[in-house]
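# Descriptive analysis of the structure
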Amino acid sequence: METDQRTPFVPDGFVPPAGLATAGFVLEPLGPQHNDSDYDAWTSSMEHIRATPGYPDGSWPHPMTLEQNRGDLERHQRDFEQRKGFTYTVLDPGSRSVIGCVYIYPCKRPLHDAEVLLWVRATHAQLDRELWRAVWEWLDRDWPFRSVSAPGRLEVVATTARCRLELLRRQDAEPLQRLYGDPEAMRFIGADGSVRTPEQTAAGVGRLIDHQQAHGFSLWAVADRNGGEVIGVAGLVLVELIGPDVEVVYELVRDAWGRGIATEVGRACLDVAFGPLGLGRVVALSYPENAASVRVMQKIGMRDDGEFEAYGRRMVRYVAEPG
Ligand SMILES: CC(C)(COP(=O)(O)OP(=O)(O)OC[C@H]1O[C@@H](n2cnc3c(N)ncnc32)[C@H](O)[C@@H]1OP(=O)(O)O)[C@@H](O)C(=O)NCCC(=O)NCCS
């Protein structure tokens, strides 16, 4: 991970945490004083780390000498001091030996302001889940980031009062079948408002994942912040998947309706569109009779732009621009 010189990674007044301690591990800033133990931890765990979420790209670990490792640790220590990135060693609470590492650095992709990677020693493989959960909660609670990417684990595009917008994963098709298989929810979706089979939902999720890869935005999973359950999708897609207009979309399972959630996540999508993505205009399209959807467009500050032909039918169109 590289550092970005242009914008500060964390706000000026922010004091990076000195660490984090649980019954299972202790985090403290990584430095050359950890060299022997850190080197032993990762050189004995190379296959395990290569199979850890976020690492299969193969760029690390690769063979290095103990002295080269010291150079790396000095670099991480310097980055920490200069607030360019924050690396914590993971220590066993009893022996104080190194059992893993957590890296928090700027994310190169525009949707996220931070990226977190972590690994544990092969001998402590079962600790990965506990460490990841604790680090994730810690980032949400004690750090100033708007949207954190954890490659291979969880990639959060935006956080609202009650929800997280997360990059879609193939396994999200299963909870989303509650939406796409529900005739009441589907009445005003697509060209004809028909329900989808689980296979069609899985294929649709696949197309949305491809859209994210190709364009850097797509529909995202709407996850309940308490518990993480996926309750719908919201995000930005090219109209009819070809554009050039970008459309904001929100689709929720029925038991989430009527609580202002579409308004909350719809606003967050526009913030992402006009903030990190730098789009110049976003539209919203709806069947004219979908009064709840049109009301959401109004509540998120979009303006009526008349009727428009899309998806093979007449739609009402609303539009929003930055500012
Ligand atoms: C449309 C949808 C996203 C709304 O989600 P939601 O979380 O219930 O929306 P919110 O609570 O933020 O706001 C809904 C607004 O519409 C209003 N509303 C709801 N049903 C309505 C109706 N039948 N007629 C008029 N207004 C209605 C609500 O009162 C609320 O407005 P208010 O805050 O001024 O009272 C949700 O019903 C849904 O997912 N439907 C299925 C998928 C869909 O149609 N998506 C839109 C595709 S364009």
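Residues numbered from 1 in each chain as written. Predicted model: local features only at pLDDT ≥ 70, side-chain atom pairs only at ≥ 80, totals over all residues.

## A look at the overall build of the protein chain
Scanning the protein chain from terminus to terminus reveals nine helices and 14 strands. For the protein chain, the C-alpha atoms occupy an extent of roughly 65 × 40 × 30 Å along the three principal directions. A sequence separation of at least 24 residues applies to 59% of the contacts in the protein chain between residues at least 6 apart. (Helix = DSSP H or I, 4+ residues; strand = E, 2+ residues; numbered from the N terminus. Contact = placed C-beta atoms within 7 Å.)

## Here's the deal with helix α3 (residues 66–81)
When the terminal C-alpha atoms of α3 are compared, their 23 Å separation across 16 residues agrees well with the 22 Å that a helix rising 1.5 Å per residue should span. Just downstream of α3 lies Arg83, where phi reads positive at about 60 degrees. (Expected span 1.5 Å × (residues − 1).)

## Let's talk about the site of the ligand
If you check the shell around the ligand, you find 20 residues, and the closest are Ala262, Thr263, Ala291, Ala292 and Arg295. Contributing elements (two or more residues each) for the shell around the ligand: β11 (246–252), α8 (261–274) and α9 (291–299). Looking at the shell around the ligand element by element, the count peaks at five residues for α9. Per-class residue counts for the shell around the ligand are eleven nonpolar, six polar and three charged. (Near = placed C-beta within 6 Å. Nonpolar A, V, L, I, M, F, W, Y, C, P; charged D, E, K, R; others polar.)

## Side note on the pairing of strand β3 (residues 86–91)
Across the six residues of β3, six count as buried, placing the element largely inside the fold. Burial along β3 is two-sided: Phe86, Tyr88 and Val90 facing one way and Thr87, Thr89 and Leu91 facing the other are all buried. By the bridge criterion, four bridges tie strand β2 (residues 26–29) to β3 in an arrangement that is antiparallel. In the strand pairing of β3, Pro29 is matched with Tyr88. Here six bridges tie β3 to strand β4 (residues 98–105), and the two strands are oriented antiparallel to one another. Looking at the pairing, Val90 lines up with Gly100 of β4. What sits between the antiparallel neighbours β3 and β4 is a turn of six residues, in which Arg96 has the positive phi angle 65 degrees. (Buried ≥ 20, exposed ≤ 12 C-beta atoms within 10 Å, placed from the backbone. Pairing = 2+ DSSP bridges.)

## Comments concerning the nonpolar core
When a protein is soluble and globular, its nonpolar side chains tend to lie buried together. Counting residues in hydrophobic clusters, the biggest one holds 79 residues, and the most contacted among them are Val90, Leu165, Val222, Ala234 and Val265. Looking at this core element by element, the count peaks at eight residues for α8. In this structure, this core is formed jointly by two domains, domain 1 (20–152) and domain 2 (167–320), each of which donates at least three residues. Aside from chain neighbours lying at most four places away, what touches Val265 is Thr160, Cys163, Leu165, Val222, Ala234 and Tyr250. (Core = buried A, V, L, I, M, F, W, Y, C linked by C-beta atoms within 7 Å. Domains from an automatic or database assignment.)

## Here's the deal with the packing of helix α5 (residues 173–180) against helix α7 (residues 198–215)
For any two helices packed against each other, one specifies the inter-axial angle together with the distance between the axes. Where α5 contacts α7, the axes come no closer than 9 Å and their chain directions differ by 115 degrees. It follows from the interaxial angle that α5 and α7 lie roughly perpendicular. Note that α5 runs across α7; the crossing there is right-handed. In contact with Ala173, Leu176, Gln177 and Tyr180 of α5, α7 contributes Pro198, Thr201, Ala202 and Val205. Here the residues of the contact of α5 with α7 are counted per class, giving six nonpolar, two polar and no charged. (Axes fitted to C-alpha atoms, helices over the stretch in contact; angles between N-to-C directions. Parallel < 35°, antiparallel > 145°, perpendicular 65-115°, else oblique. Left-handed = near helix turned anticlockwise from the far one by under 90°.)

## Concerning the domain arrangement of the protein chain
Split by domain assignment, the protein chain resolves into domain 1 (20–152) and domain 2 (167–320). Computed from C-alpha coordinates alone, the two centres of domain 1 and domain 2 are separated by 35 Å.

## Details of unusual backbone geometry
The residue after Trp60, namely Pro61, is reached through a cis peptide bond having omega 5 degrees. By the element assignment, Pro61 lies in the loop between α2 (46–50) and α3. Residue Arg96 is not a glycine yet carries a positive backbone phi of 65 degrees. Residue Arg96 is classed as exposed on the basis of its 12 C-beta neighbours within 10 Å. The phi angle at Leu241 is positive, at roughly 65 degrees, despite the residue not being glycine. Within the secondary structure layout, Leu241 lies in the loop between β10 (230–238) and β11.

## Structural notes on the environment of Arg146
Among the structural elements, Arg146 can be located in the loop between α4 (127–142) and β6 (148–150). Classification of Arg146 by C-beta neighbours within 10 Å gives partly exposed; the count is 17. With eleven residues separating them along the chain, Arg146 and Val157 place their C-alpha atoms 8.0 Å apart. Sequence-distant contacts of Arg146, that is, excluding residues within four places in its chain, are made with Asp113 and Ala158.

## Considering the pairing of strand β8 (residues 163–166)
Remember that side chains alternate between the two faces of the sheet whenever the strand is regular. On β8, burial covers both faces: Cys163 and Leu165 on one face and Arg164 and Glu166 on the other are all buried. Across three bridges, the pairing between strand β7 (residues 154–159) and β8 is antiparallel. Note that in β8 the partner of Ala158 across the bridge is Leu165. The turn linking β7 back onto β8 is made up of three residues. Sheet topology note: the β8/strand β9 (residues 219–224) ladder contains four bridges and is antiparallel. By the bridge assignment, Arg164 is partnered in β9 with Ala223.

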